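Observations on chain architecture
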Amino acid sequence: MVGMIDRFRHWYEHEKAANLRMIEMIESVPFERHDDPRFVRAVCLAAHLAACRENWLDRMDSDGENQTDWFVDHFELGGLRPRYQRIERQWTEYLERLKDEDLPKNFEFQGGDGTHYILRIETQLTQLVGHAFYHRGQVALLVDELGGETVDTDYLFWEVAKR
């Protein structure tokens, strides 16, 4: 039987592949559309996903003192690939260190409003999986509206293609 942490690792492998496809979709938008507010929004949503991974890893695996902006009004397209490469490497290393018995453990952090929170590691890992699907769907819609090439980043198609 596969342990739960192995499932999270597997799902993160899908997320990394889907993130790469998302960046490729954004890059496929014709250059003359790069000033369109929808293009800016697509890039900023991709930057938001990276920021979420950065901030939650900082909270879960460190002291939470290295938070970055969750949302930005502008982000350079050329900065997405290196940002994702860095954070995906860090998350892969983090997940490799986790064991099934770590999943029900709590971590604590202070929100931007000063509120103190306690969450289970498993709860936040689950949230991150769903959160990524949500925003990649938004990016795909924007890319389609801008005349770029969209691809399906659904888990099912990734899983079937691996076989």
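Criteria and cut-off values
Residues numbered from 1 in each chain as written. Predicted model: local features only at pLDDT ≥ 70, side-chain atom pairs only at ≥ 80, totals over all residues. Heavy atoms only, no water. Core = buried A, V, L, I, M, F, W, Y, C linked by side-chain atoms within 4.5 Å. Buried < 20%, exposed > 50% of the residue type's maximum accessible area, 1.4 Å probe, protein only. Helix = DSSP H or I, 4+ residues; strand = E, 2+ residues; numbered from the N terminus. Contact = heavy atoms within 4.5 Å. pLDDT = per-residue confidence, 0-100. Polar contact = N/O pair within 3.5 Å; in protein donor to acceptor, adjacent residues only side chain to side chain.

Focus: the nonpolar core
- Within the largest apolar cluster, 22 residues are counted, with the highest numbers of intra-cluster contacts made by Met22, Ile26, Phe39, Leu80, Tyr84 and Val139.
- Breaking this core down by element, the ones donating at least two residues are α1 (4–27), α2 (37–61), α3 (80–97) and α4 (121–145).
- Looking at which element gives the most residues to this core, the answer is α2, with eight residues.
- Every residue in contact with phenylalanine 39, bar those within four places of it in the chain, is listed here: Ile26, Val29, Arg33, His34, Leu77 and Leu146.
- Membership of the second largest hydrophobic core comes to 18 residues, among which are Met60, Trp91, Leu95 and Leu98.

Focus on the confidence of the model for the protein chain
- The predicted model of the protein chain has a mean per-residue pLDDT of 95, with 99% of residues at 70 or higher.
- When pLDDT is averaged over each element of the protein chain, α3 comes out on top at 98 and helix α5 (residues 155–162) at the bottom at 86.

A closer look at the side chain of asparagine 19
- Looking at where asparagine 19 falls in the secondary structure, it is placed in helix α1.
- For asparagine 19, a relative accessible area of 3% puts it in the buried group.
- A distance of 3.0 Å separates the side chain of asparagine 19 from the side chain of glutamate 88, its partner in a polar contact.
- Asparagine 19 has contacts with Tyr84, Glu88 and Arg136, leaving out every residue within four places of it along the chain.

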